[in-house]
Amino acid sequence: MIETAHPIHKYLRSSKKFPHIWCPGCGVGIFENALIRAIDRSGYTRDDIVLVSGIGCSSRLPVYVDFNTIHTTHGRALTFATGIKLANPRLKVITIMGDGDAVSIGGNHFIHAARRNVEITSFIVNNQIYGMTGGQCSPTTPHGVVTPSSPYGNPENSFDICLLAEAAGASFVARSSVYHTPLLDKLIDRALHKSGFSVVEVISPCVTYGSRWMGLGSPVEMMMWQKENCIHLDRIKGLDEQERRGKIAIGIFTDKNKPSYSEEYAKFIG
């Protein structure tokens, strides 16, 4: 354990896990810091927390933190997390997924976890591309973008993860970028204390592949892009269709109270 006054170092595994795999300028480290700060404030102990991830750049995050952690197969984080929560409802179960992991191969699991309102806090780090395997299109890659798997431009329309989660029945749905760290901190806090299935989509730059299709040359430019194009829901509602084009809404989409799956299931098992 690394001894230091900074809160994050209380929760990092031994230094032999480092250096990490993320590219310089990647937003996953910003999200990791925000998540650890929120857990440190939450009152949960290390033994209370279970972090479950699938496969992808962001899904490597549990490797570096000192909680109960499971690194599962591609797209299956929510299936493992559901089993853990039902087996031991007292645990705080958190999933870390990328956009491809969550809504491509894991899309059906995501929809039904939201429909059931399973008490899982899900964070989806969305870099709008498959960053680990070469920069191919993911379900959130914008239409028309040129990637290795779409050399003539992406012919498919992209998912809006928050609208998908909201329509499927999640209790709490929100989005922030890693540039907007005060908002990100707030949303993570809210999600950790929400009963039912909570989703926070985290817009994060892929500085190796995403920067190419965006036409941006550096991590700083990508962060400035987030600053200029991620707009709070209250403001974006006042824009016309042309002004909204290419913009990303951030803020809280849904915050409602309803019985979680664990509560419903408990009625049958006494």
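Residues numbered from 1 in each chain as written. Predicted model: local features only at pLDDT ≥ 70, side-chain atom pairs only at ≥ 80, totals over all residues. Heavy atoms only, no water.

Draft legend 1. Seen up close, empty space enclosed by the protein. By the definition in use, this model includes 1 cavity of 30 Å³ or more. The calculated volume of the largest cavity comes to roughly 90 Å³. Along the wall of the largest cavity there are 13 residues; nearest its centre are Gln128, Ser204, Pro205, Met214 and Met222. Among the secondary structure elements, those contributing two or more residues to the lining of the largest cavity are helix 7 (210–214) and helix 8 (219–229). Of the residues in the lining of the largest cavity, the class split is 7 nonpolar, 6 polar and no charged. (1 Å grid on protein atoms, 1.4 Å probe; cavity = no way out; pocket = protein on both sides within 12 Å on 5 of 7 lines; lining within 4 Å. Points joined across faces, edges and corners; volume = space filled by probe spheres on them. Helix = DSSP H or I, 4+ residues; strand = E, 2+ residues; numbered from the N terminus. Nonpolar A, V, L, I, M, F, W, Y, C, P; charged D, E, K, R; others polar.)

Draft legend 2. Focus on helix 8. Among all positions of helix 8, only Met222, Met223, Gln226 and Asn229 are buried. Along the long axis of helix 8, the arc covered by the buried residues comes to 140°, so they all point the same way. Those residues of helix 8 that are exposed and angled more than 90 degrees off the buried face are Val220 and Glu228. Looking at the packing, one finds that the buried side of helix 8 touches helix 1 (28–42), strand 5 (172–177), strand 6 (198–203), helix 7, strand 7 (230–232) and strand 8 (248–255). (Buried < 20%, exposed > 50% of the residue type's maximum accessible area, 1.4 Å probe, protein only. Arc of directions from axis to C-beta. Contact = heavy atoms within 4.5 Å.)

Draft legend 3. Expanded view of the packing of aromatic side chains. With the rule as written, the count across this model stands at 5 aromatic pairs. A centroid spacing of 6.1 Å and a plane angle of 20° characterise the contact between Tyr261 and Tyr265, whose relative ring orientation is stacked. With Tyr261 and Tyr265 both in helix 11 (residues 261–269) and 4 residues apart, this pair spans about one turn of that helix. Residue Tyr265 is classed as partly exposed on the basis of its relative accessible area, which comes to 33%. (Phe/Tyr/Trp six-rings, centres within 6.5 Å; stacked < 30°, edge-to-face > 60°.)

Draft legend 4. Spotlight on the sheet that holds strand 4 (residues 121–126). Pairing is mixed in the open sheet, where 8 strands are placed in the order 2-1-3-4-6-5-8-7. Edge strands, defined here as strands with exactly one partner in the open sheet, are strand 2 (68–71) and strand 7. Ignoring strand direction, the axes of neighbouring strands in this sheet form an average angle of 20°. Along the sheet, helix 6 (residues 181–192) makes contact with strand 3 (92–98), strand 4, strand 5, strand 6 and strand 8, crossing strand 5 at roughly 160°. Helix 8 contacts strand 5, strand 6, strand 7 and strand 8 of the sheet and is inclined by roughly 30° relative to strand 7. (Pairing = 2+ DSSP bridges. Axes fitted to C-alpha atoms, helices over the stretch in contact; angles between N-to-C directions.)

Draft legend 5. Geometry of the environment of Ser59. Looking at the element boundaries, Ser59 is found in the loop between strand 1 (49–53) and strand 2. Residue class for Ser59 comes out buried when judged on its relative accessible area of 0%. A sequence separation of 173 residues divides Ser59 from His232, and the C-alpha atoms of the two residues are 27 Å apart. Residues in contact with Ser59, not counting those within four places in the same chain, are Ser53, Gly54, His71, Ile96, Met97, Gly98 and Asp101.

Draft legend 6. How the structure looks around the pattern of salt bridges. Inspection of every chain in the model, using the stated rule, returns 11 salt bridges. For Arg175, the salt bridge identified is with Glu201, shortest N-O distance 2.8 Å. With Arg175 in strand 5 and Glu201 in strand 6, the pair connects residues that are 26 residues apart, well separated along the chain. Take Arg175 and Glu201: they sit in the same class, and that class is buried. Where Asp255 meets Arg190, a salt bridge forms, and the shortest distance between an N and an O atom there is 2.5 Å. (Salt bridge = Lys/Arg side-chain N within 4 Å of Asp/Glu carboxyl O.)

Draft legend 7. The arrangement of the nonpolar core in detail. In terms of nonpolar packing, the biggest core is built from 39 residues, with Phe31, Leu35, Leu51, Leu61, Phe123 and Ile188 touching the most fellow members. When contributions to this core are tallied by element, the ones reaching two or more residues are helix 1, strand 1, strand 3, strand 4, strand 5, helix 6, strand 6 and strand 8. Counting residues per element, this core draws most heavily on helix 1, which supplies 7 residues. Leaving out residues up to four positions away in the same chain, Phe123 has contacts with Phe31, Leu35, Ile94, Thr95, Ile96, Met97, Ile188, Ala191 and Val200. (Core = buried A, V, L, I, M, F, W, Y, C linked by side-chain atoms within 4.5 Å.)

Draft legend 8. How the structure looks around the side chain of Glu32. With respect to the secondary-structure elements, Glu32 resides in helix 1. In this structure, Glu32 is buried with no salt-bridge partner, the nearest side chain bearing the opposite charge being Arg13 at 9.0 Å. Residue contacts for Glu32: discarding those within four places in its chain leaves Leu12, Trp22, Leu61, Tyr64 and Val65. (Lys, Arg positive; Asp, Glu negative; His and termini not counted.)

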